[in-house]
Amino acid sequence: MTGQPQDREKPQRGSWIPWIFVGMFAVVIVANGVMVAVAFDSWTGLETESAYEDGLQYNRQIAAVQAQRDLGWKVDLAVAQSAGRRLDVAVTLEDADGNPFKADELRATFSRPTHEGYDLETWLPHSGAPGEHRAEVELPLAGIWDLSVEARSGGRSYRLDRRVEVAP
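Residues numbered from 1 in each chain as written. Predicted model: local features only at pLDDT ≥ 70, side-chain atom pairs only at ≥ 80, totals over all residues. Heavy atoms only, no water.

Peer 1: Can you help me understand the packing of aromatic side chains in this one?
Peer 2: The relative placement of two aromatic rings is captured by the distance of their centres and the angle of their planes. Tallying each qualifying case throughout the model produces two aromatic pairs. Ring geometry for W73 and F101: centres 4.9 Å apart, planes at 55°, overall tilted. Residue W73 is located in the loop between α2 (51-71) and β1 (74-81), and its partner F101 is located in the loop between β2 (86-94) and β3 (105-111); the two are separated by 28 residues in the primary sequence. No difference in accessibility class separates W73 from F101, as the two residues are buried. Ring geometry for W73 and Y158: centres 6.2 Å apart, planes at 25°, overall stacked. Linking W73 in the loop between α2 and β1 with Y158 in strand β7 (residues 156-166), this pair joins segments that are 85 residues apart in sequence. Taken as a pair, W73 and Y158 share a single burial class, namely buried. Ring pairs connect the aromatic residues W73, F101 and Y158, which therefore count as one cluster. Here the basic side chain of R112 rests over the ring of W145, its NZ or CZ set 5.2 Å away from the ring centre. (Phe/Tyr/Trp six-rings, centres within 6.5 Å; stacked < 30°, edge-to-face > 60°. Helix = DSSP H or I, 4+ residues; strand = E, 2+ residues; numbered from the N terminus. Buried < 20%, exposed > 50% of the residue type's maximum accessible area, 1.4 Å probe, protein only. Lys NZ or Arg CZ within 6 Å of the ring centre and 35° of its normal.)

And the structure:
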């Protein structure tokens, strides 16, 4: 019985399964292509515009820390909250021999690690007590503040950084 309809080839069952794998790989390739395009458009790869200068600044910072150690100054910082957001900031200075001394200028800078625009800088005048500089500062917000105190005397400087918390 030749010539019957059974001679025609029927498509095999499951012949579409390889096309599923091809389709999945096509979806992955397209998705990766989109992510690569977005990545190249959104980030230049630069963390800083001046990497060389920042590297030099790092070396200067290391040298400044060593120079500060060589001074041998002892700097004590006391911060006490009085009323509201008002702080009493007192800095006591002693030279390498343990003698209190008055700084030519002493500056305190308060900066918020989480908010811009609230930084505050103030000078701490000599209080009259040996080696003590003191000022009262009212901060605009309660919370965490970074305090940087810089004392200058005789062309030399000393910097001390602390984190302070101001209660509401």
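There is more to say, and it comes next.
Peer 1: In this structure, what is going on with the pairing of strand β6 (residues 143-153)? I would like to understand it.
Peer 2: Looking down a regular strand, the side chains alternate between one sheet face and the other. Most of β6 is tucked away: eight of the eleven residues are buried. With seven bridges joining them, β3 and β6 adopt antiparallel strand pairing. The partner of A108 across the bridge, within β6, is V149. (Pairing = 2+ DSSP bridges.)

Peer 1: Would you mind going over the nonpolar core with me for this structure?
Peer 2: One recurring pattern in soluble globular proteins is that nonpolar side chains are buried together. Formed by 25 residues in total, the largest nonpolar core has its most connected members in L93, L106 and F110. Counting only elements with at least two residues in this core, the list comes to β1, β2, β3, β5 (132-138), β6 and β7. Sequence-distant contacts of F110, defined by excluding residues within four places in its chain, comprise L87, V89, Y118, D119, L120, V137, L139, W145, D146, L147 and V164. (Core = buried A, V, L, I, M, F, W, Y, C linked by side-chain atoms within 4.5 Å. Contact = heavy atoms within 4.5 Å.)

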